[in-house]
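Structural overview for review
Residue strings, one per chain:
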Amino acid sequence: MPADDETCDDSRRMSVPRSRPQAGIVVVLAAGRPAALAFEAGPAGIEVGRGTPAGALDDDERISRRHVRVAPREGRVPGWVVEDLGSRNGTFVDGRRIGPGQASFERNVVVRIGRSLLWAVDDVRRSSAIRCPPRLRAARSSGAFFAAPSARSLSRAVRATRS
């Protein structure tokens, strides 16, 4: 018998506590090449540019050192705040260029900087992945699928960078 007087049968029925979702970005294309890299944004967001995060976009010469900040929006209506940090080539969200400063969105978004695509999602953990309908196979990442309202936008954005 275990030291805490719990039987083996009881321990199998105990549920595992679920952790909170980890909002973040998935790098779908890095300098025009397919990628499947996920980074947690944290409450303050994540700054993306050449060298950050973790050198993932170093090969994209169209990206500024400090290009964009992507942050989850808190409150009653969750979403994303995307801020262009004075980049030279601009930032595009769901196919539309945003001006200097912040733009706020009420859903998951696809952000294009240079020749790279970032997908802002509610949860970047692998356990948040679900099975995906065949029409959304472009959102596949390491055998897992991410669900988000912007999946159609992601598919269009990927096709647009290939042409």
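Before any of the text, the structure's been laid out above.
Here we summarise the structure given alongside this text. (Residues numbered from 1 in each chain as written. Predicted model: local features only at pLDDT ≥ 70, side-chain atom pairs only at ≥ 80, totals over all residues. Heavy atoms only, no water.)

Next up on the list: the overall build of the protein chain. In terms of helices and strands, the protein chain carries two helices and 12 strands. Helices (α) and strands (β) of the protein chain occur, in sequence order from the N terminus, as α-β-β-β-β-β-β-β-β-β-β-β-β-α. Per-residue burial for the protein chain yields a buried fraction of 43% across its 163 residues. Partitioning the intrachain contacts of the protein chain with sequence separation of at least 6 by distance along the chain shows that 46% fall at a separation of at least 24. For the protein chain, the exposed area adds up to about 9,900 Å²; of that, 49% sits on carbon and sulfur atoms. (Helix = DSSP H or I, 4+ residues; strand = E, 2+ residues; numbered from the N terminus. Buried < 20%, exposed > 50% of the residue type's maximum accessible area, 1.4 Å probe, protein only. Contact = heavy atoms within 4.5 Å. Areas by Shrake-Rupley, 256 points an atom, 1.4 Å probe, with all protein chains shown as cover.)

In this section: the pattern of salt bridges. Per the stated rule, a full pass over the model turns up seven salt bridges. Between Glu61 and Arg115 there is a salt bridge, with its nearest N and O atoms 3.5 Å apart. Separated by 54 residues along the polypeptide, Glu61 in the loop between β3 (46-48) and β4 (68-73) and Arg115 in the loop between β9 (109-113) and β10 (116-121) bring together distant segments of the chain. By relative accessible area, which is 28% here, Arg115 ends up partly exposed. Put simply, Glu47, Arg66, Arg69 and Glu83 are held in one network by salt bridges that share partners. (Salt bridge = Lys/Arg side-chain N within 4 Å of Asp/Glu carboxyl O.)

Here we take up the packing of aromatic side chains. All chains considered together, the criterion is met by zero aromatic pairs. A cation sits over an aromatic face here: Arg112 above Phe92, 4.2 Å from the ring centre. (Phe/Tyr/Trp six-rings, centres within 6.5 Å; stacked < 30°, edge-to-face > 60°. Lys NZ or Arg CZ within 6 Å of the ring centre and 35° of its normal.)

It is worth spelling out the sheet that holds strand β8 (residues 101-105) at this point. With antiparallel pairing, the four strands of this open sheet are ordered in space as β3-β4-β5-β8. Looking along the sheet, the strands with just one partner apiece sit at the ends: β3 and β8. Taken pair by pair, the neighbouring strands of this sheet meet at an average axis angle of 20 degrees, ignoring direction. In this sheet, strand β5 (residues 79-84) lies alongside β4 in antiparallel orientation, the contact comprising six bridges. (Pairing = 2+ DSSP bridges. Axes fitted to C-alpha atoms, helices over the stretch in contact; angles between N-to-C directions.)

Bringing the pairing of strand β2 (residues 33-40) into the picture now. Sheet topology note: the strand β1 (residues 24-30)/β2 ladder contains six bridges and is antiparallel. Counted as the bridge partner of Ile25 is Phe39 from β2. Linking β1 back to β2 in an antiparallel pair, the connection comprises two residues, with Ala31 at a positive phi of about 55 degrees.

Bringing the environment of Ile113 into the picture now. Tracing the backbone through its elements, the reader meets Ile113 in strand β9. Overall, Ile113 belongs to the buried group, its relative accessible area being 0%. As for Ile113 and Ala30, which are separated by 83 residues in sequence, their C-alpha atoms are 9.7 Å apart. Residues in contact with Ile113, not counting those within four places in the same chain, are Val48, Leu57, Asp60, Ile63, His67, Val68, Gly90, Thr91 and Leu118.

Checked against the element boundaries, Arg125 lands in the loop between β10 and β11 (140-141). For the pair Arg125 and Pro21, spaced 104 residues apart in the sequence, the C-alpha separation amounts to 7.5 Å. One polar contact links Arg125 to Asp123, side chain to side chain, over a distance of 2.4 Å. (Polar contact = N/O pair within 3.5 Å; in protein donor to acceptor, adjacent residues only side chain to side chain.)

In spatial order, the strands read β2-β1-β10-β9-β6-β7; together these six strands make up an open sheet with antiparallel pairing. In the strand order of this sheet, the two ends are held by β2 and β7 (96-98), each with one partner. Strand after strand, the sheet turns through a mean of 25 degrees between neighbouring axes, direction not considered. Inspection of the sheet shows β1 paired to β10 by five bridges, in the antiparallel sense. Along β10, the bridge assignment pairs Val26 with Trp119.

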